[in-house]
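Listed here are the chains, written in short residue letters.
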Amino acid sequence: MKIAIAGCCGRMGLTLVKAVLADEGLTLVAGSERPGFDEKVVASKLETVGCKNLFITSSPDVLAEAADAILDFTSPESTLAIARAAAKSGRVHIVGTTGFTDAEKQELANHARTARMVQSGNFSIGVNLLEKLVEQMAVLLDDSYDIEIFEMHHKHKKDAPSGTALMLGEAAARGRGVVLADKKASARDGITGERRRGDIGFAALRGGDVVGIHEVMFAGQGEIIEIRHQGFNRDIFASGALRAAKWAITQKPGLYSMKNVLGL
């Protein structure tokens, strides 16, 4: 199976490069960087993870033509361009990018009509199990239990709440049978008044090189139930992304999630 990695010299891109090279069933055939990239700088970064002489392009179409599957943890703008290219040729497109607007999410779904796309706010198997547990707990615990979602990431992360936190919020909302947009409470500051019954609260912290900490709290009268996941390195996301690519290559065109990959 031929793999291409978008944004191959980013933090997650280099992690994916290393993971693909270590998998005997996969062949790394291409990577992409922004237009005007410095070839020497790119080559130097790739060599830090044992990768030499990789074909690099800034063209989404060229990237898609080179591979069976594209692993993409970049930016919404870049991912949409790659999605258009992947849709033309029916490629597998693994999307770990977060921060999409509703309109951009709809555009991705449109491209998945001809591509085989797996999109997730988090490709960690542990986080996806956490998501399932949150939904089940929200079914069992009524809205007398207040739901609060805490997340922390490294200081370079641009979107908040994180895609993973929103994924967990959506799971809680599904369990309660409500729409997250109607119940989401975040950025509390000043005199906010009492907490509304049924709200799903978010708190986002940024600092250091934290890979990802996510915690969901169900705070009731006389008890608090907490479930937590902490990622110690990006290898967990790469492992999930490779598993998703191997699964998606056998599927029909469509938009899938890690729940589909894991059979959840």
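Each value, and the rule that gives it
- Residues numbered from 1 in each chain as written.
- Predicted model: local features only at pLDDT ≥ 70, side-chain atom pairs only at ≥ 80, totals over all residues.
- Heavy atoms only, no water.
- Pairing = 2+ DSSP bridges.
- Helix = DSSP H or I, 4+ residues; strand = E, 2+ residues; numbered from the N terminus.
- Patch = residues over 30% accessible without salt bridge, like charges linked within 9 Å, V, L, I, M, F, W, Y side chains within 5 Å.
- Areas by Shrake-Rupley, 256 points an atom, 1.4 Å probe, with all protein chains shown as cover.
- Salt bridge = Lys/Arg side-chain N within 4 Å of Asp/Glu carboxyl O.
- Phe/Tyr/Trp six-rings, centres within 6.5 Å; stacked < 30°, edge-to-face > 60°.
- Buried < 20%, exposed > 50% of the residue type's maximum accessible area, 1.4 Å probe, protein only.
- Lys NZ or Arg CZ within 6 Å of the ring centre and 35° of its normal.
- 1 Å grid on protein atoms, 1.4 Å probe; cavity = no way out; pocket = protein on both sides within 12 Å on 5 of 7 lines; lining within 4 Å.
- Points joined across faces, edges and corners; volume = space filled by probe spheres on them.
- Nonpolar A, V, L, I, M, F, W, Y, C, P; charged D, E, K, R; others polar.
- Axes fitted to C-alpha atoms, helices over the stretch in contact; angles between N-to-C directions.
- Parallel < 35°, antiparallel > 145°, perpendicular 65-115°, else oblique.
- Left-handed = near helix turned anticlockwise from the far one by under 90°.
- Contact = heavy atoms within 4.5 Å.
- Polar contact = N/O pair within 3.5 Å; in protein donor to acceptor, adjacent residues only side chain to side chain.

J.: What exactly am I supposed to notice about the sheet that holds strand β1 (residues 2-6) here?
T.: By definition, the strands of a sheet pair up through backbone hydrogen bonds, in either a parallel or an antiparallel sense. Strand order in the open sheet formed by seven strands is β3-β2-β1-β4-β5-β6-β12, and the pairing between neighbours is parallel. On the outer flanks of this sheet lie β3 (56-57) and β12 (254-256), each paired with one strand and no other. In this sheet, strand β4 (residues 69-72) lies alongside β1 in parallel orientation, the contact comprising four bridges. Paired with Ala4 across the bridge in β4 is Ile70.

J.: Can you help me understand a nonpolar patch on the surface in this one?
T.: On the surface, Ile125, Leu129 and Leu264 cluster together into a nonpolar patch covering about 210 Å² of accessible area. Tracing the backbone shows Ile125 in helix α6 (residues 125-140).

J.: Help me understand the packing of aromatic side chains, please; the structure alone is not making it clear to me.
T.: We describe a pair of aromatic rings using the distance from one ring centre to the other and the angle between the two ring planes. Counting across every chain of the model gives two aromatic pairs. On the basis of an interplanar angle of 55 degrees and a centroid distance of 5.5 Å, the ring pair of Phe73 and Phe123 is categorised as tilted. Here Phe73, found in the loop between β4 and α4 (76-89), pairs with Phe123, found in the loop between β6 (116-119) and α6; they are 50 residues apart in sequence, far enough to count as distant. When sorted by exposure, Phe73 lands in the same class as Phe123, which is buried. Judged by centre distance (5.0 Å) and plane angle (85 degrees), the ring pair of Trp247 and Tyr256 falls under edge-to-face. The ring centre of Phe202 lies 5.8 Å from the NZ or CZ of Lys184, which sits over that ring.

J.: Got a minute to help me understand the layout of surface pockets in this structure?
T.: Leftover empty space is mapped by rolling, across the atoms, a probe with the size of a water molecule. What the largest pocket holds in volume is close to 1,400 Å³. As for the largest pocket, its lining consists of 48 residues, of which Arg11, Met12, Phe73, Thr74 and Ser75 are closest to the centre. With five residues, α4 is the single largest residue contributor to the lining of the largest pocket. When the residues that make up the lining of the largest pocket are grouped by side-chain class, the tally is 16 nonpolar, 22 polar and ten charged. When residues of the lining of the second largest pocket are assigned to their parent elements, the largest contribution, five residues, is made by helix α7 (residues 163-176). Looking at the lining of the second largest pocket, its residues break down into eleven nonpolar, ten polar and eight charged.

J.: Sorry, what's going on with the packing of α6 against α7 here?
T.: The axes of two packed helices give the description: the angle between them and the distance between them. Viewed as axis vectors pointing N to C, α6 and α7 meet at an angle of 30 degrees, and their least axial separation amounts to 7 Å. For the element pair α6 / α7, the angle class is roughly parallel. With respect to the hand of their crossing, α6 and α7 are arranged in right-handed fashion. Of α7, the residues touching α6 (which contributes Val127, Asn128, Leu130, Glu131, Val134, Glu135, Ala138 and Val139) are Thr164, Met167, Leu168, Ala171, Ala172, Arg174, Gly175 and Arg176. In the contact of α6 with α7, the residues fall into nine nonpolar, three polar and four charged.

J.: I keep staring at the environment of Lys259 and nothing clicks. Help me out?
T.: Summarising the element assignment, Lys259 is placed in helix α10 (residues 258-262). The partly exposed category is assigned to Lys259, whose relative accessible area is 24%. Taking C-alpha positions, Lys259 is 25 Å from Glu24, a pair spaced 235 residues apart along the chain. In this view, Lys259 contacts Asn128, Glu131, Arg174 and Leu264; residues no more than four positions away in its chain are not counted. Only 3.3 Å separates the side chain of Lys259 from the side chain of Glu131, close enough to count as a polar contact.

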